[in-house]
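Single-letter residue listing:
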Amino acid sequence: MRKDIKSIDDITPDMYDELNAEIEKDFDEGCHGNCSSCSSDCGEPEFPKYAKRLYAVAGGKGGTGKSTVTAVLAVALVKRGLTVGVLDADIPGSTLPHLFGAEPGVEKKNDKMLPKPLPSGVKLLSFNLISEDLKEPVLWTTPDTSNVVSYFYTGGAWDGLDVILVDMPSGAGDVPLNLFTSFPVDGTIIVTEPGELAVIPTQRYIALASMLMSTPVAYVENKALAESCVSDGLYTLSPRCVKVAIPLSAELSALGSEGKIADALVPELDPVVDLIVNAVASKK
Ligand SMILES: Nc1ncnc2c1ncn2[C@@H]1O[C@H](COP(=O)(O)OP(=O)(O)OP(=O)(O)O)[C@@H](O)[C@H]1O
Ligand SMILES: [Mg+2]
């Protein structure tokens, strides 16, 4: 239950304890698409597992390069022979169609949206592919936005893919909460950048993802400076979490701006690519 804020003393981290308990209960009782490990006889799960693996590419701070990393990773996975879908969960801040230079338009078959096959081989679903006017503000409440993101999953023809990457909006809120509690997420790929300003939002996000069992499986320190290295010890990450650093690169940024992100080569991401390729192979 939401409570009214009437004084500064009302603002505390645990002020929505009841709400947090509800979220955790929803998560515990919710469907995560893992029918093999579930005893419920529910018939069709609302959020079935369409792909062998689904990862959220996410982080607490805006502008760190989540969408860029999602796009580069998706193309690298296709080059390793996987079938890859990308779900753009950032409705108001959608950038993936621009990064890929994708033309608008999404086809439908049997009432399902067909993720748009791009020349790179990646299949993309994004609000910006269906929006009629990209300059119009998106005047939706956050629960509505979250519903649309859910529909991009349940109403998309994702079946049979090896991997789905979900490009998340920055920070917490309804979209990540809904996604982490109902989508069959196999793990989170945290994207952050060097610098003090990123530390607290990143820490909070790692804690959120871990609490909702979407544990960080990879940590990407993007826009790393020449003397920077992956921030070992700064964050509470599992020893099994793969850590990589991508250098600050004017060329990478330019390729994204020009809609040519599929041409970008980022070998620093190879350990993350290997992790996903191996995870998919273990599902065969
Ligand atoms: N390694 C890099 N070097 C230089 N610029 C980069 C790098 N990675 C991303 N960028 C640039 O940083 C900006 C933000 O990138 P991007 O949109 O991918 O971030 P984001 O985390 O998805 O942002 P948002 O929080 O708004 O979703 C873009 O201009 C992009 O070109
Ligand atoms: Mg983004």
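Provided above is the structure to which this section pertains.
Criteria and cut-off values
- Residues numbered from 1 in each chain as written.
- Chains lettered and ligands numbered in written order.
- Predicted model: local features only at pLDDT ≥ 70, side-chain atom pairs only at ≥ 80, totals over all residues.
- Heavy atoms only, no water.
- Helix = DSSP H or I, 4+ residues; strand = E, 2+ residues; numbered from the N terminus.
- Rg over C-alpha atoms; globule rule 2.2 N^0.38 Å.
- Buried < 20%, exposed > 50% of the residue type's maximum accessible area, 1.4 Å probe, protein only.
- Contact = heavy atoms within 4.5 Å.
- Lys, Arg positive; Asp, Glu negative; His and termini not counted.
- Charge placed at Lys NZ, Arg CZ, Asp CG, Glu CD.
- Near = heavy atom within 4 Å.
- Polar contact = N/O pair within 3.5 Å; in protein donor to acceptor, adjacent residues only side chain to side chain.
- Areas by Shrake-Rupley, 256 points an atom, 1.4 Å probe, with all protein chains shown as cover.
- 1 Å grid on protein atoms, 1.4 Å probe; cavity = no way out; pocket = protein on both sides within 12 Å on 5 of 7 lines; lining within 4 Å.
- Sits in = over half its atoms within 2 Å of the grid points.
- Pairing = 2+ DSSP bridges.
- Axes fitted to C-alpha atoms, helices over the stretch in contact; angles between N-to-C directions.
- Phe/Tyr/Trp six-rings, centres within 6.5 Å; stacked < 30°, edge-to-face > 60°.
- Right-handed = clockwise from strand over helix to strand, strands pointing away.

Participant: Tell me about the overall build of the protein chain, and name the residues and values.
Facilitator: Assigned secondary structure in the protein chain consists of nine helices and ten strands. At 19 Å, the protein chain has a C-alpha radius of gyration in line with the 19 Å of a compact globule built from 284 residues. Dimensions of the protein chain, computed from the C-alpha atoms along their principal axes, are close to 50 × 50 × 45 Å. Each of the 284 residues in the protein chain was classed as buried or not, and the buried ones make up 47%. Residue pairs at least 24 apart in sequence account for 75% of intrachain contacts in the protein chain once pairs closer than 6 positions are excluded. Taking the average place of the 24 positive charges on the side chains of the protein chain and the average place of its 39 negative ones, the gap between the two points comes to 6 Å.

Participant: An account of the site of ligand 1 is requested, with residue identities and associated values reported.
Facilitator: Neighbouring residues of ligand 1: 17 residues in total, closest Lys 66, Ser 67, Thr 68, Asn 222 and Ser 249. Ser 67 is positioned with one of its side-chain polar atoms (N or O) 2.9 Å from an oxygen atom of ligand 1. Summarising the interface, the protein chains cover 77% of the accessible area of ligand 1, which totals 630 Å² for the free molecule. Judged by the proximity of its atoms to the pocket grid, ligand 1 belongs to the second largest pocket. Ranked by the residues each element gives to the shell around ligand 1, the list is headed by helix 2 (residues 66-79), at three residues.

Participant: Account for the sheet that holds strand 1 (residues 53-58), naming residues and giving values.
Facilitator: Ordered in space as 5-6-2-7-1-8-9-10, the eight strands form an open sheet in which the pairing is mixed. Each of the sheet's edge strands pairs with one partner strand only, and the pair in question is strand 5 (116-117) and strand 10 (242-247). The pairing of strand 2 (residues 84-88) with strand 7 (residues 163-167) spans five bridges and is classified as parallel. The partner of Val 86 across the bridge, within strand 7, is Leu 165. Strands in contact with helix 7 (residues 196-211) are strand 1, strand 8 (187-192) and strand 9 (216-224); relative to strand 8, the strand with the most contacts, it is inclined by about 180 degrees.

Participant: Please give an account of the side chain of Ser 150 that cites residues and values.
Facilitator: Along the chain, Ser 150 falls in helix 5 (residues 142-154). The contact partners of Ser 150, leaving out residues within four places of it in the chain, are Phe 47, Asn 178 and Phe 183.

Participant: Which residues make up the packing of aromatic side chains, and what values do they have?
Facilitator: When we look at a pair of aromatic rings, we describe it by the centre distance and by the angle of the planes. Following the criterion strictly, the structure yields seven aromatic pairs and no others. For the pair Phe 47 and Tyr 153, a centre-to-centre distance of 6.3 Å together with 15 degrees between the ring planes defines the contact as stacked. Linking Phe 47 in the loop between helix 1 (17-29) and strand 1 with Tyr 153 in helix 5, this pair joins segments that are 106 residues apart in sequence. The residues Phe 47 and Tyr 153 share a single accessibility class, namely buried. Look at Phe 180 and Tyr 205: their rings are 6.2 Å apart centre to centre, the planes differ by 65 degrees, and that puts the pair in the edge-to-face class. Within this pair, whereas Phe 180 is found in helix 6 (residues 174-182), its partner Tyr 205 is found in helix 7, the two being separated by 25 residues in sequence.

Participant: Give me the lowdown on the pairing of strand 8, citing residues and values where you can.
Facilitator: With six of six residues buried, strand 8 lies mostly within the body of the structure. Residues Gly 187, Ile 189 and Val 191 line one face of strand 8 and the alternating positions Thr 188, Ile 190 and Thr 192 line the opposite face, and both faces are buried. The sheet contact formed by strand 1 and strand 8 spans four bridges and is parallel. From the neighbouring strand, Ala 58 faces strand 8, where its bridge partner is Ile 190. Of the strand pairs in this sheet, strand 8 and strand 9 are connected by five bridges, and their pairing is parallel. Paired with Val 191 across the strands is Val 220, a residue of strand 9. Read as a crossover between parallel neighbours, the route from strand 8 over helix 7 to strand 9 is right-handed.

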